[in-house]
Amino acid sequence: MNTPPSPLVAERTDGSSVQIGALVPLTRPGWVQAGQHLLAGLELAVRDVNDDGGIAGRPLELVVRDTAADPQRAAAAVDELARLGVAALAGEYHSVVARAAAARADALGLPFLCSSAVLDALTEQPTEWVARLAPAQSHGWQIYADFLLSAGHSRIAVAAQPSVYWAAGARILRDYLAPRGGTVIELDMRALDPMAVCDELVDNRASALLLLVGHPEPAVSIVKSVRRDQRLAEIMIGAPAGQPEFAEWATSLGDDSAAIPFLRYLPERLTPLGARVETALRERLGAAPSFVAFEGYDTVAVLADVLRSHGADRAWTTETWPRVAVEGTRGQIRFSRTPGISVWQWAWTPVQVVDRDPAEPDRFRILHAG
């Protein structure tokens with residue numbers, strides 16, 4: 001049944017700009033560089049939409065709110081943006097924050113296209129109001145697990161901090177690897193320092209260590225300790241959540257930043273639109289754009305298409321998301337209901353396992369694709 005919007009969601013009928021609320025982590029403890037890339041993609045797409053005539057002649061405008069990786073702050077921002085009369089919500093990088101925003105958007109009947117968060121259970125119950133571009137964690141992390149097995153790793157340690165996201169990742173890896181002969185050894189980072197992690201890796205005869213921890217700390221300290229321990233010269237360090245994607249990682253670790261495989265949501269070749277957007281994003285960011293920047297661009301491209309088709313001030317219907325067919329930077333975007341996923345899902349964004357080349361840490365090597 002199509003639920004009408006809450007009275008908190010205001011109607012805009014004054015002929016002014018069409019507003020999209022953007023949720024982005026721009027201050028600590030949020031991952032600021034990820035937020036900057038996400039915002040760059042959102043802003044570039046808004047510029048392109050407006051250069052192409054806007055939404056039925058009305059300019060598209062972003063109303064940006066910094067979530068700072070705080071779920072409560074994000075939920076409050078959703079309430080504020082709804083009162084301001086935004087037509088839809090976009091963005092967010094951190095899964096636990098996106099989950100809070102999605103729950104509030106669903107309660108208000110406010111459309112939310114989540115750009116980058118991957119947690120499978122983005123909402124507790126199925127919803128018509130929320131859709132997602134990024135692949136679900138279970139999909140991407142199973143591809144990462146395939147990579148581990150193909151690289152010969154069967155005893156895999158995970159250095160984990162308490163978090164719904166990290167716990168879900170460890171469970172996905174364990175459930176997928178166990179029937180295939182793999183073992184996951186959990187190292188509780190509440191009880192271990194980086195040097196103790198090294199001892200645990202030796203004692204457990206692990207051939208790979210995955211970082212399910214925050215950045216910069218304790219991730220940077222763990223990498224430095226493992227790299228300097230001669231007993232662990234052959235161990236592979238991995239970071240499925242994508243920490244090495246950003247330049248901040250290379251700056252913090254130098255040569256130690258290389259050869260740490262992570263998940264990246266890019267195809268081998270961008271679409272023609274993607275190639276053009278890549279050039280513009282590189283100029284805007286002063287650096288190579290991450291996959292998160294492309295997620296931001298694609299988010300606005302989808303929402304602009306929906307707003308042009310359905311009207312900026314009309315309520316979403318149950319048929320809105322499944323009618324989307326937009327050529328994005330990384331392929332054609334369509335949404336469907338995917339088993340086990342409570343939101344409308346693009347199934348699937350291209351997924352790669354990549355690392356930074358030890359010979360040239362600013363260059364990425366594609367190790368596996370799924």
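Everything discussed here concerns the structure shown above.
Here goes a summary of the coordinates provided. (Residues numbered from 1 in each chain as written. Predicted model: local features only at pLDDT ≥ 70, side-chain atom pairs only at ≥ 80, totals over all residues. Heavy atoms only, no water.)

With respect to the overall build of the protein
A tally of helices and strands in the protein yields ten helices and 16 strands. A compact globule built from 370 residues would reach a C-alpha radius of gyration of about 21 Å, and the protein, at 21 Å, matches this within 12%. Across its three principal axes, the protein shows a C-alpha extent of roughly 70 × 40 × 35 Å. Within the protein, the proportion of its 370 residues that are buried is 58%. Once local pairs closer than 6 in sequence are excluded, the contacts in the protein between residues at least 24 apart make up 70%. (Helix = DSSP H or I, 4+ residues; strand = E, 2+ residues; numbered from the N terminus. Rg over C-alpha atoms; globule rule 2.2 N^0.38 Å. Buried < 20%, exposed > 50% of the residue type's maximum accessible area, 1.4 Å probe, protein only. Contact = heavy atoms within 4.5 Å.)

A closer look at the pairing of strand S6 (residues 155-160)
Of all six residues that make up S6, five are buried, and the element is covered over most of its length. In this structure, S6 lies alongside strand S7 (residues 183-188), joined through six bridges in parallel fashion. Paired with Ala160 across the strands is Asp188, a residue of S7. Once you follow S6 into helix H5 (residues 164-177) and on to S7, the crossover reads as right-handed. By the bridge criterion, five bridges tie S6 to strand S8 (residues 208-212) in an arrangement that is parallel. Pairing of Ala160 across the sheet is with Leu212, part of S8. (Pairing = 2+ DSSP bridges. Right-handed = clockwise from strand over helix to strand, strands pointing away.)

As for the sheet that holds strand S3 (residues 88-91)
Strand order across the open sheet formed by seven strands is S2-S1-S3-S4-S5-S14-S13, with mixed pairing between neighbours. The strands lining the two open edges of the sheet, one partner per strand, are strand S2 (60-66) and strand S13 (335-336). Sheet topology places S3 next to strand S4 (residues 112-114); three bridges connect them, and they run parallel. Across the sheet, Ala90 pairs through a bridge with Leu113, a residue of S4. Sheet strands touched by helix H3 (residues 95-108): strand S1 (18-24), S3, S4 and strand S5 (130-132). Its angle to S4, the strand with the most contacts, is close to 160 degrees. Its contacts with the sheet place helix H10 (residues 291-310) against S1, S2, S3, S4 and S13, and it is angled at close to 165 degrees to S3. (Axes fitted to C-alpha atoms, helices over the stretch in contact; angles between N-to-C directions.)

Topic: the sheet that holds strand S15 (residues 352-357)
Ordered in space as S10-S15-S16, the three strands form an open sheet in which the pairing is antiparallel. Every interior strand has two partners, whereas the edge strands, strand S10 (262-264) and strand S16 (360-369), have only one. Pairs of neighbouring strands in the sheet enclose a mean axial angle of 45 degrees, with direction left out of account. In the sheet, S15 pairs with S16 via six bridges, with the strands oriented antiparallel. Among the inter-strand pairings, Gln352 is bridged to a residue of S16, identified as Ala369. Running over the sheet, helix H4 (residues 137-150) touches S10, S15 and S16 and is turned about 95 degrees from S16.

Concerning the pairing of S3
In this sheet, S3 lies alongside S1 in parallel orientation, the contact comprising four bridges. If you follow Leu23 over to S3, its bridge partner there is Gly91. The parallel pair S3 and S4, bridged by H3, forms a crossover whose chirality is right-handed.

What about the pattern of salt bridges?
With the rule as written, the count across this model stands at 17 salt bridges. Among the salt bridges present, the one from Asp48 reaches Arg276, with a minimum N-O distance of 3.3 Å. Residue Asp48 is found in helix H1 (residues 32-51), and its partner Arg276 is found in helix H9 (residues 272-285); the two are separated by 228 residues along the sequence. Overall, the relative accessible area of 14% leaves Asp48 in the buried class. Judged by its relative accessible area of 43%, Arg276 falls in the partly exposed class. Among the salt bridges present, the one from Asp66 reaches Arg73, with a minimum N-O distance of 3.4 Å. Relative accessible area serves as the criterion here: at 18%, Asp66 is assigned to the buried category. Judged by relative accessible area, which is 40%, Arg73 ranks as partly exposed. (Salt bridge = Lys/Arg side-chain N within 4 Å of Asp/Glu carboxyl O.)

So far we have only geometry, and geometry alone does not tell us how the molecule works.
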